[in-house]
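Here's the letter readout for the chains.
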Amino acid sequence: MTLDQQLKHTGTLVNYYFVCKRKLWLFAHQINFETESDTVALGRLLSEISYDRQKKEIKIDEMISIDWIDFRNKVIHEVKKSDKLEEAHLWQVKYYLYFLESKGVQGFRAEINYPKFHKRELIELIDSDREYLKEVIKEIEEILPRDEIPEKVRIPACRSCSYFEFCWV
Amino acid sequence: MEKPFYIFSNGRIRRKDNTVFFEYGDSNDESQEEKESKPANRRAVPVETIDSIYLFGEVDLNNKVINFLGQNHIPIHFFNYYGYYTGTFYPREYAVSGHILVKQVSHYVDPGLRFAIAQEIIQSSNHNILKNLKYYERRYGDLSGFISHIENKNREMGSSRSIEELMGFEGQIHKRYFEAWNKILKSETFLFDKRTRMPPDNPINALISFGNSMVYATALSEIYKTQLNPAISYLHQPSTKRFSLSLDLAEIFKPLLVDRLIFSMINHNQIRENHFESNLEFCYLNEKGRRTFTEQFDEKLKTTVKHPSLKRNVSYRQLIKLECYKLVKHILGEEEFKGFRMWW
Ligand code: SF4
């Protein structure tokens, strides 16, 4: 995997870790199902995350779109449509910062813009985040090779999850 | 929403940018007059809206369009001049999971594990057959003898120990089931004598064969969307000629998708003698017949029911995909496979 692929891949894993462990496991076992709701879903099927080289942006689950990295000012720019920053998403962004650090690229922060709400939010990585992310990644690595599929638990996210039919049929 | 495209006319499929063009030439059955009154048809279809393609006519495809359809994960099902299924262009798998493949195979090589799935397939199929008979028993009566016979066989089948035994019971049950068709079908033309396949020798056999191959192809399209490998099957012997997992799934859905359709189309006089061509040895649906049947078949696939556990409306076509999901969960060791049984 190239660096940016690895970044995207693990970013998704971190995101799913916070959403649902089962989703994490299914995704990591290449069990992806198409949702047939609309044509947007087809795009999502082709790659859960699409990386548009021209626009230099990373899209995840059509939920967030991160402008690629502004190296001069050391900022990851991100635009968000809704006003809520979910835990899964927050840690995903923090993971990007963590990842950059681990590659020796220091001093980055993230800026999340909510144009609809004239709001922006700064995200910085602090020591306790680093510790926590280390734990998270360790746990992800522990979950992935398991032979057994993690149990399903009905949560609000199920409703719009692409595994909904698989899990609940 | 993606949907299947059925092409009956002769013509050509072309690609231009992200759009697929169906260029219809002349229909086989049309008179010269009809042909002249009609301008050349060209239909543009965005590729994202195509689920799969069924080709009945004489259609030209070049490698540019095949590559394009392959990249977009669109299977093409081919039928010959007589409407017999000839094969599928099954694009390179995009949903591959080594984990599932290993599990799928291990459930095949272990005779006990294989048998459990095979038995569940047959029992679901029998359940659906009985549903059909009971429905017509309520309407016309006169079927209770067939029903109790099949119920008994079904019970006896419970003691089978091998797939050969299962297949034996399945044969007996189908024989009885087909005999019952003569009580259901209200038409002289469509009397059931005995099931002949290759080639079908009368209209009813021709309809069954055509319908079954439509279910087969549809099931294959649904399997393609999952990580299951279509060549590894449980009830049917994995075969080099067919994607036999499709045959397994078709077994469960034929009573709902084909048999019910045949009964209602014949009894409502929607399918008639002039929809067939035949001589002494064989009989097949002509283009008009195929169009009529396929239209109704497609309607059937779009029919929705409220799913009891999902609590969402799902189409009959989606039911086939759900069956794949259940198989995946079974081979992953999560939940025992419980085949689709009509619940309405
Ligand atoms: S449907 Fe629910 S349980 Fe299943 S993977 Fe999605 S979030 Fe997890």
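Since the model is a prediction, treat every value here as computed from it, not as a measurement.

Caption draft 1: Expanded view of the overall build of chain A. In terms of helices and strands, chain A carries six helices and six strands. Listing every helix and strand of chain A by position from the N terminus yields α-α-α-β-β-β-β-α-β-β-α-α. For chain A, the exposed area adds up to about 9,100 Å²; of that, 50% sits on carbon and sulfur atoms.

Caption draft 2: Main features of a positive patch on the surface. Together, R154 and R159 of chain A together with K306, K311 and R312 of chain B give the surface a local cluster of positive charge. Looking at where R159 of chain A falls in the secondary structure, it is placed in the loop between α5 (127-143) and α6 (164-168).

Caption draft 3: The arrangement of the site of the ligand in detail. Around the ligand sit C20, R22, K23, V153, I155, C158, C161, Y163, F164, C167 and W168 of chain A, and those are all the residues in its vicinity. Top element by residues in the shell around the ligand is α6 of chain A. It accounts for three residues.

Caption draft 4: Looking closely at the pattern of salt bridges. By the definition in use, this model includes 29 salt bridges over all chains. Its salt-bridge partner being R120 of chain A, residue E111 of chain A comes within 3.4 Å of it at the nearest N-O pair. Across the salt bridge formed by K326 of chain B and E323 of chain B, the nearest N and O atoms sit 3.0 Å from each other. With K326 of chain B and E323 of chain B both in helix α10 (residues 316-331), this residue pair falls three residues apart, about one helical turn. For the pair shown, K326 of chain B and E323 of chain B are each scored as buried.

Caption draft 5: Inspection of the sheet that holds strand β2 (residues 11-16) of chain B at higher detail. All names here are of chain B. If you trace the four strands from one edge of the open sheet to the other, you get β4-β3-β2-β6, paired in mixed fashion. With partners counted over all chains shown, the strands left at the sheet margins are β4 (41-46) and β6 (59-61), one partner each. Across this sheet, the average inter-strand angle for adjacent strands is 25°, counted without regard to direction. Where β2 meets β6, three bridges bridge the pair, whose relative direction is parallel. Looking at β6, one finds that I13 is bridged to L61. Across the sheet, helix α2 (residues 63-71) is in contact with β2, β3 (19-24) and β6; its angle to β2 comes to roughly 65°.

Caption draft 6: Representation of the packing of aromatic side chains in the model. Throughout the structure, instances matching the rule amount to 40 aromatic pairs over all chains. Ring plane angle 40° and centroid distance 4.9 Å describe the contact between Y90 of chain B and F243 of chain B, whose orientation is recorded as tilted. Here F243 of chain B lies in the loop between α7 (203-224) and α8 (244-267) and Y90 of chain B lies in the loop between β8 (85-89) and α3 (98-109), a separation of 153 residues in the sequence. Judged by its relative accessible area of 15%, Y90 of chain B is buried. Judged by relative accessible area, which is 25%, F243 of chain B ranks as partly exposed. Chaining the aromatic ring pairs together yields one cluster made of Y6, F8, Y54, F56, F79, Y85, F210, Y216, F293 and F297 of chain B. Over the face of the ring belonging to Y114 of chain A we find K119 of chain A, whose NZ or CZ atom lies 4.9 Å from the ring centre.

Caption draft 7: Inspection of unusual backbone geometry at higher detail. Residues and elements named next belong to chain B. Even without a glycine there, the phi angle at H73 is positive, about 60°. Relative to the assigned elements, H73 resides in the loop between α2 and β7 (76-79). Given the relative accessible area of 17%, H73 is considered buried. Backbone geometry at D142 places phi at a positive 70°, although glycine is not the residue there. The topology assignment puts D142 in the loop between α4 (111-140) and α5 (144-157). D142 sits in the exposed class, given a relative accessible area of 54%.

Caption draft 8: Expanded view of the interface of chain B and chain A. Facing 30 residues of chain B, the contacting portion of chain A comprises 23 residues. With both sides pooled, the region where chain B packs onto chain A buries about 2,700 Å², and carbon together with sulfur makes up 52% of that total. A salt bridge links R22 of chain A to E334 of chain B, with the shortest nitrogen-to-oxygen separation between them at 2.6 Å. Linking chain B with chain A are twelve residue pairs in polar contact (both at pLDDT 80 or more). For the side of chain B that touches chain A, the secondary structure elements donating two or more residues are α3 and α10 of chain B. Here the side of chain B that touches chain A takes eight residues from α10 of chain B, the largest share from any one element. Along the lines of polarity and charge, the residues of the side of chain B that touches chain A split into nine nonpolar, nine polar and twelve charged.

Caption draft 9: Spotlight on the side chain of S221 of chain B. Residue and element names in this part refer to chain B. One can find S221 in helix α7. For S221, a relative accessible area of 3% gives the class buried. Within the structure, S221 has its side chain in polar contact with the side chain of H77 (distance 2.8 Å). Setting aside residues no more than four positions away along its own chain, S221 makes contact with D51, S52, Y54, P75 and H77.

Caption draft 10: Just the sheet that holds strand β1 (residues 3-7) of chain B, in detail. Residues and elements named next belong to chain B. Read from one edge of the open sheet, four strands run β1-β5-β7-β8, paired in mixed fashion. Edge positions in the sheet fall to β1 and β8, since each of these pairs with one other strand and no more. Recorded for the sheet is a direction-independent mean angle of 20° between the axes of neighbouring strands. Bridge analysis of β1 against strand β5 (residues 50-55) gives five bridges, and the strand direction is parallel.

Definitions and limits used
Residues numbered from 1 in each chain as written. Chains lettered and ligands numbered in written order. Predicted model: local features only at pLDDT ≥ 70, side-chain atom pairs only at ≥ 80, totals over all residues. Heavy atoms only, no water. Helix = DSSP H or I, 4+ residues; strand = E, 2+ residues; numbered from the N terminus. Areas by Shrake-Rupley, 256 points an atom, 1.4 Å probe, with all protein chains shown as cover. Patch = residues over 30% accessible without salt bridge, like charges linked within 9 Å, V, L, I, M, F, W, Y side chains within 5 Å. Salt bridge = Lys/Arg side-chain N within 4 Å of Asp/Glu carboxyl O. Lys, Arg positive; Asp, Glu negative; His and termini not counted. Charge placed at Lys NZ, Arg CZ, Asp CG, Glu CD. Near = heavy atom within 4 Å. Buried < 20%, exposed > 50% of the residue type's maximum accessible area, 1.4 Å probe, protein only. Pairing = 2+ DSSP bridges. Axes fitted to C-alpha atoms, helices over the stretch in contact; angles between N-to-C directions. Contact = heavy atoms within 4.5 Å. Phe/Tyr/Trp six-rings, centres within 6.5 Å; stacked < 30°, edge-to-face > 60°. Lys NZ or Arg CZ within 6 Å of the ring centre and 35° of its normal. Buried area = accessible area lost by both parts, 1.4 Å probe. Polar contact = N/O pair within 3.5 Å; in protein donor to acceptor, adjacent residues only side chain to side chain. Nonpolar A, V, L, I, M, F, W, Y, C, P; charged D, E, K, R; others polar.

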